[in-house]
Amino acid sequence: MRILVSDPLSPEGIALLEKYHRVDLVTGLNEKELIDLIGKYDALVVRSGTEVTAAVIEAADKLRVIGRAGVGVDNIDLEQATTRGIIVLNAPEANTISAAEHALAMLTSLARNIPAADCALKAGRWERGRFMGVELHQKSLGIIGLGRIGSEVARRARAMGMSIMAYDPYIPAEHAEKIGVTPVPLADLLKAADFITLHLPCNKQSRHLIGAEELAAMKPGVRLINCARGGLIDEEALYRAILEEKVAGVALDVFEHEPPLESPLLALPQVVATPHLGASTREAQVNVAVQVAEQVVLALRGDPVVSAVNMPSMLPEEMAGVKPFLPLMRLLGGLYFHLYGGRIDEIELFYGGEVAGQSVTPLTTACLIGLFSHILGEQVNYVNAPHIARSRGIKVRESTRQDIENFTNLVMLAVKADGEEHTIAGTIFNRSDIRIVRIGGYRIEVIPSPFMLLCTYTDKPGVIGRVGTFLGRNGINIAGMQVGRRSAGGEAIMALQIDEQVSPELLEQLARLEGILTARFVHLLDRELLPVVKNSGEF
């Protein structure tokens, strides 16, 4: 087969591709030139320099796979590639060691004032007394985000004699303890850590995770390291905290806006800064090239790949059987995350009735996508979702039974975490009509809609009326409502389909109404049926 490499790639990656296929290295192409060439190729390998637009993909009559030699795929039109059945893959683990080592280099540089001391000496100043540092030995390191890179940082910091704690609500406690890390809530980490390093994606949930309030909660003289993503730290709040001497020093490899040439942080002597060098090692560049080449070869052979960032096509006969259930499975996973969130230790999926006769593996994967897509900043798909679960130590179990009562088909998701179990169940009518039929211990029949309110309440006269009056008084129309209860006069649940979003302020007021126990607003995307927005209280 023919492979086009349109950006510079290490010779090791090129050699691996050439071992199996014909490779053309043609760099510096503009969109029109790429469109003219792409029609004769089975695979395209790019870095960040090539824009793989919808027009390019439309012209790629033979293209089966696009390989991104790196992590980010912002330069590739994923939606168009997926529509055309083209696998898009990357090399997410290739720079793990380099990124972890850079974080440790920034940590030690910050502790011992190495960059400033180097500059002073080269400028002709011998200032030993000015650059008094601190030891890392027996200091506490707080790691926010204990994924691949965070775990490698933890292993190396332990060897330096540091006491390590970590906050990551999506990693089982067993994984943290296995590598010598104490899992703690974020608030405890902020109060106790001498050094804090961040290793998580930047998304809607994590943007400005470290803001003015979090900085104020830290111990005086804390030192921060961010080699993950710009935007995790509120840079204006950080600047003020340094001037107020709350923060003794900061090491930054990433910034909210790059290049940050106008950032006032760069003028502060307490700041160590590098220009996004986390993956800039010879080894990482070779690893990126080799890993993406290996995955491209496997994809062209039709073998499974572990780093796809979109959904590859299923066999037609398999897709026909499971397709009606896929939106339900993603909805169950997404709803669980937004209703319960937190750590996940074990996932069990029960398939009953007609659906039990299908191949349930793609359905389980769809549920994992619904769960993990809100946890991770990277793309989660039918290839990598099971791998993500395994790498995080999450046990996934399936059970089936075709003979069930009350439903033609039924899917129940049960998640165990921290000694508790939460369940959500759903079904479909007429192959397309989704219903949520159980939330926790409540039997109910919820019709999913773009905007929903879910409230638990005391089952007494007048409570539902108060909710309706409150919403009406605030101009929010109720399109539909379903209720369920465990027993008369006890706790009950109501699900309301409404015509617009509910602000956090209104949600708080609703939660304070007499008889209301919890209130949560969920926004479901029309196309994907994935909850993505606000919630309040514990369900």
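Now for a quick tour of the structure. (Residues numbered from 1 in each chain as written. Predicted model: local features only at pLDDT ≥ 70, side-chain atom pairs only at ≥ 80, totals over all residues. Heavy atoms only, no water.)

### Details of the packing of helix H1 (residues 11-20) against helix H12 (residues 282-301)
Then comes step 1: Where H1 meets H12, the closest approach of the two axes is 7 Å, and the angle between their N-to-C directions is 20°. Here H12 runs roughly parallel to H1, going by the angle between their axes. Pair H1 / H12 crosses with right-handed handedness. On H12, the residues that touch Glu-12, Gly-13, Leu-16, Leu-17 and Tyr-20 of H1 are Val-286, Ala-289, Val-290, Ala-293, Glu-294, Val-296, Val-297 and Arg-301. (Axes fitted to C-alpha atoms, helices over the stretch in contact; angles between N-to-C directions. Helix = DSSP H or I, 4+ residues; strand = E, 2+ residues; numbered from the N terminus. Parallel < 35°, antiparallel > 145°, perpendicular 65-115°, else oblique. Left-handed = near helix turned anticlockwise from the far one by under 90°. Contact = heavy atoms within 4.5 Å.)

### Quick look at helix H5 (residues 96-112)
Then comes step 1: Taking 1.5 Å as the rise per residue, H5 with 17 residues should run 24 Å; its terminal C-alpha atoms sit 25 Å apart, in good agreement.
Then comes step 2: Burial within H5 is extensive, with 12 of its 17 residues counted as buried.
Then comes step 3: Turning to H5, its buried residues number three or more, namely Thr-96, Ser-98, Ala-99, Ala-100, His-102, Ala-103, Leu-104, Met-106, Leu-107, Ser-109, Leu-110 and Ala-111.
Then comes step 4: Looking one or two residues past H5, Asn-113 carries a phi angle of roughly 55°, positive in sign. (Expected span 1.5 Å × (residues − 1). Buried < 20%, exposed > 50% of the residue type's maximum accessible area, 1.4 Å probe, protein only.)

### A few points about the pairing of strand E13 (residues 346-353)
Then comes step 1: Extensive coverage of E13 is indicated by the burial of seven of its eight residues.
Then comes step 2: Note: E13 against strand E14 (residues 395-401), seven bridges, orientation parallel. Its bridge partner lying in E14, Phe-350 is registered against Ser-399.
Then comes step 3: Alignment of E13 against strand E15 (residues 409-417), held across eight bridges, turns out to be antiparallel. Residue pairing for E15: Gly-352 is matched across the bridge by Leu-410. (Pairing = 2+ DSSP bridges.)

### Here's the deal with the pattern of salt bridges
Then comes step 1: Enumeration over the complete set of coordinates arrives at 17 salt bridges.
Then comes step 2: Between Asp-36 and Lys-32 there is a salt bridge; the shortest N-O distance is 3.2 Å. In this pair, Asp-36 and Lys-32 are both assigned in helix H2 (residues 31-38), four residues apart and thus about one turn of the helix distant. A single burial state applies to Asp-36 and to Lys-32, both of which are exposed.
Then comes step 3: Salt bridges sharing common partners tie together Arg-2, Arg-22 and Asp-24. (Salt bridge = Lys/Arg side-chain N within 4 Å of Asp/Glu carboxyl O.)

### Concerning the nonpolar core
Soluble globular proteins: nonpolar side chains tend toward being buried together.
Then comes step 1: In terms of nonpolar packing, the biggest core is built from 48 residues, with Met-329, Ile-347 and Phe-372 touching the most fellow members.
Then comes step 2: Looking at this core, the element that brings in the most residues is helix H14 (residues 326-339), giving nine residues. (Core = buried A, V, L, I, M, F, W, Y, C linked by side-chain atoms within 4.5 Å.)

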